Amino acid sequence: MLQKGGAAFGDKGKNQVQNVVLCFLSSFQVIFEHEGVFIHSNTEELEDQDSLISGYLRIVDKVLLTWMSETGNPHYNVYTGFIVVLSVVEWTQRPHRTVDQQLSYETEWDMVNAVSFKRKAHTNGEGGSNHLNERNKGAFSFNVADLRSVTVKCEGWSYLIFCLKDDTTLPAIHFHQGGSQAFLDGLRKSVSPDDENILLVGAYSKAFSQSFENLLDDTNYGLVQKFKKDPYTTTLGGFSKVTNYFFDAFRPSESECQQRPVEEMEPGFEVITRVDLGTRPEVQRREPVMMEDWAKHQDSEGRVSNVPHLKHLIFKGGLCHAVRKDAWKFLLDYYPWDSTHEERKNLQKRKTDEYFRMKLQWKSVSEEQEKRNSRLRDYKSLIEKDVNRTDRTNKFYEGLDNPGLILLHDILMTYCMYDFDLGYVQGMSDLLSPILYVMENEVDAFWCFVSFMDQMHENFEEQMQGMKTQLIQLSTLLRLLDLAFWNYLEAQDSGYLYFCFRWLLIRFKRELHFQDVLRLWEVMWTGLPCHNFHLLVCCAILDSEKQKIMDRHYGFNEILKHINELSMKLDIEEILIKSEAIYMQIKNCKDLPNSVSDILGLNAVTNDSTLETSEYGVLESPQSSPRPAHRQDQAYSNGHGLLQECTA
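Residues numbered from 1 in each chain as written. Predicted model: local features only at pLDDT ≥ 70, side-chain atom pairs only at ≥ 80, totals over all residues. Heavy atoms only, no water.

1. Considering the overall build of the protein
So, step 1. Tallying secondary structure elements over the protein gives 26 helices and ten strands in all.
So, step 2. Counting across all 648 residues of the protein, residues that qualify as buried make up 52%.
So, step 3. In the protein, once contacts between residues fewer than 6 apart in sequence are set aside, the share between residues at least 24 apart is 75%.
So, step 4. Carbon and sulfur atoms make up 49% of the accessible area of the protein, which amounts to about 31,400 Å² in all. (Helix = DSSP H or I, 4+ residues; strand = E, 2+ residues; numbered from the N terminus. Buried < 20%, exposed > 50% of the residue type's maximum accessible area, 1.4 Å probe, protein only. Contact = heavy atoms within 4.5 Å. Areas by Shrake-Rupley, 256 points an atom, 1.4 Å probe, with all protein chains shown as cover.)

Next comes the structure, spelled out in structure tokens:
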């Protein structure tokens, strides 16, 4: 027990026989309280949301009035009283909430948390610890006076490990949503000046405590509400304003940003050295897959043969436009690679029937029914608004009463029937537009769009888990590739890479010319050369711009403005060359961190990845000639003006 003070309220009796001690909680003061502090129930499955348990972390000073009644003398009782102040650290699992509670203000803001996780009962495998709460498995509390050490570590976020004087090591608590610096500050306040029991081991960067949760500032309420309801268009305009408010409010001071020399750090601190990636190899692109190349990979019944080799050719050069209508159906898993002409014909017939049954559902809704279905009305209104401003400079969609616009509208409405839980979210029209442009068929476009949305679904869910995960992964990759640049961005309050939000949300649809979008998407749909290749595309773009950003000393606003102004100025072939070169450089690294290997799937062994290990040389067809770094065809005008329309 840590006794910070005491006061006597009586004299001791002379003939003590029995002492009776009564303690009353007089008051308590919350020194620190933070929600969204996690325990990892399974450290080997960190990507599994079920393995992360969300809870509350508190430091509480409890003031106890302690009375000792000394009995034994029949003539009088003497009471001695003193005050005990206990500083207690508590972690409690977040309780289950009823439906009414889930509609509260708290849940309304769940989507801006840095990471969101499923809730489930946590079972502590060890058990038996006196510091763990049996009714709330995994919960724990301890007196600060019983604390021996705190180890501070960072893995893209901060996490703390407590070791008590009885050699008990408590479960690590992970600050995925920031707040660890405030907790450590509160912990220091709870230690008496003469208390030397607490040893903080490690180092801490305040930048880790800055995250999406800070957008909850009341002054930003309207802007963040816009971001929640319409993250797509808000990123084009108001999002910079939101993040600016956020960083102004939580900007660390210069002294806080300075790193302590390694030699001053306490024992136990793990020094993470820079990884030597080696020289970045040279990479060449090839000519697109032509119709004759595509035909060579099909047998007499229409089955596609040597699929890994064909995917490799598509990855290295893309497809000529004449091949896209057929090839995209395979790349998007609408057609099985081993299906025959007859099987695909029957499949298309079944899918056509299924599509029009769903289309009939919303087509047959009467005006009276629609009046009583606010959700369908909202979807319909939003789709009509977005369709009228999607790729209108493209000839396929330009002009009034364009049949392409009608098809775009009908497919999106039918998708609401296919996935009514998600329905329609702004940005989905941008993902459909190129697919419909290539397919020129309503049914085929719908089912290819369904497959693409299966990949992109998390980007558009209310909690936007996909976006959060990708931003964290992108930050991890950038730190590996160029720590100096990442540190510069961090110093400019841009370390969370919010300026890449639009890139990830709709896969560079608004950054590239329309035809370049087609090239990039078909390359990414091959699944080569690794998982999350689109994150390496982000890294390639940033690598090309980093020198300009650093040499011109761009700050937060200038970085955001500069990245936005790259739209329609990017060369897709240069980007793909650099992206592949970055992949080869990372793959050849011997001491690659496990987190990076997991992001890129380099630990997985598949047939496709086996083909990649030869640096693509074995697979190159002799009749295919290398392609220069710069594309030889003319720039396309499709898609011009789209950014201006939405940012106006």
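Still to come is the rest of the account.
2. Topic: unusual backbone geometry
Backbone geometry follows two general trends: most residues other than glycine have a negative phi, and most peptide bonds adopt the trans configuration.
So, step 1. Residue L528 is joined to P529 through a cis peptide bond whose omega torsion reads -5°.
So, step 2. Its location among the elements puts P529 in the loop between α20 (514-525) and α21 (533-551).
So, step 3. For R507, which is not glycine, the phi torsion reads 50° and is therefore positive.
So, step 4. Along the chain, R507 turns up in the loop between α19 (501-505) and α20.

3. Re the nonpolar core
So, step 1. I435 and F460 are the most contacted members of the largest nonpolar core, which totals 119 residues.
So, step 2. Not counting the four nearest positions on each side in its chain, I435 is found in contact with W328, L332, A445, C448, F449, F452 and W525.
So, step 3. Residues F142, V152, L160 and L164 belong to the second largest nonpolar core, which totals 23 residues. (Core = buried A, V, L, I, M, F, W, Y, C linked by side-chain atoms within 4.5 Å.)

4. Some thoughts on the packing of aromatic side chains
So, step 1. Applying the stated criterion to the full structure yields 29 aromatic pairs.
So, step 2. Through successive ring pairs, a cluster of aromatic residues spans F32, W91, F140, F142, F162, F175 and F183.
So, step 3. Geometry around W447 places K351 over its ring, the cationic atom sitting 4.1 Å from the centre.
So, step 4. Here the basic side chain of R479 rests over the ring of W486, its NZ or CZ set 5.0 Å away from the ring centre. (Phe/Tyr/Trp six-rings, centres within 6.5 Å; stacked < 30°, edge-to-face > 60°. Lys NZ or Arg CZ within 6 Å of the ring centre and 35° of its normal.)

5. Looking at the confidence of the model for the protein
The predicted coordinates ought not to be read in detail in places where the model reports low pLDDT.
So, step 1. Mean pLDDT over the protein works out to 74, with 62% of the residues at or above the 70 mark.
So, step 2. Predicted confidence for residues 236-273 stays below pLDDT 50, and this span has 55 contacts to residues more than four positions away or in other chains. (pLDDT = per-residue confidence, 0-100.)

6. Quick notes on helix α11 (residues 341-363)
Since there are 3.6 residues in each turn of an α-helix, residues three or four apart along the chain are aligned in direction.
So, step 1. Across its 23 residues, α11 extends 32 Å between first and last C-alpha, which sits within 8% of the 33 Å expected from 1.5 Å per residue.
So, step 2. Turning to α11, its buried residues are R344, L347, Y355, M358, K359 and W362. (Expected span 1.5 Å × (residues − 1).)

7. Regarding the pattern of salt bridges
So, step 1. Counted by the stated rule, this structure contains 28 salt bridges.
So, step 2. The closest approach of N and O atoms between E301 and R303, which form a salt bridge, is 2.3 Å.
So, step 3. Residue K351 is joined to E354 by a salt bridge in which the shortest nitrogen-to-oxygen separation is 3.9 Å. Taken together, the residues span about one helical turn, with K351 and E354 both in helix α11 at a distance of three residues. (Salt bridge = Lys/Arg side-chain N within 4 Å of Asp/Glu carboxyl O.)

8. Brief notes about the packing of helix α17 (residues 465-481) against α21
So, step 1. Direction vectors running N to C along α17 and α21 enclose 50°, while the axes themselves pass 10 Å from each other. Relative to α21, α17 is oriented oblique. α17 and α21 meet at a crossing whose hand is right-handed. Of the residues in α21, those in contact with Q470, Q473, L474, L477, L478 and L481 of α17 are H534, L535, L536, C538, C539 and L542. (Axes fitted to C-alpha atoms, helices over the stretch in contact; angles between N-to-C directions. Parallel < 35°, antiparallel > 145°, perpendicular 65-115°, else oblique. Left-handed = near helix turned anticlockwise from the far one by under 90°.)

9. Considering the environment of K351
So, step 1. When its relative accessible area of 22% is taken as the criterion, K351 is described as partly exposed.
So, step 2. Leaving out residues up to four positions away in the same chain, K351 has contacts with Y334, V443 and W447.

10. Overview of helix α10 (residues 321-331)
So, step 1. Taken together, the buried positions of α10 are occupied by V323, R324, A327, W328, K329, F330 and L331.
So, step 2. Each element contacted by the buried residues of α10 is listed here: α8 (291-296), α9 (307-317), α11, α15 (428-439), α16 (442-460) and α20.
So, step 3. Of the residues flanking the end of α10, it is D333, one or two places downstream, whose phi is positive at about 65°.

11. Brief notes about the environment of T340
So, step 1. Its place among the elements puts T340 in the loop between α10 and α11.
So, step 2. On a C-alpha basis, the gap between T340 and E301 in space is 5.3 Å, while along the polypeptide they are 39 residues apart.
So, step 3. Among all residues touching T340, those that are not within four sequence positions of it are E301 and R303.

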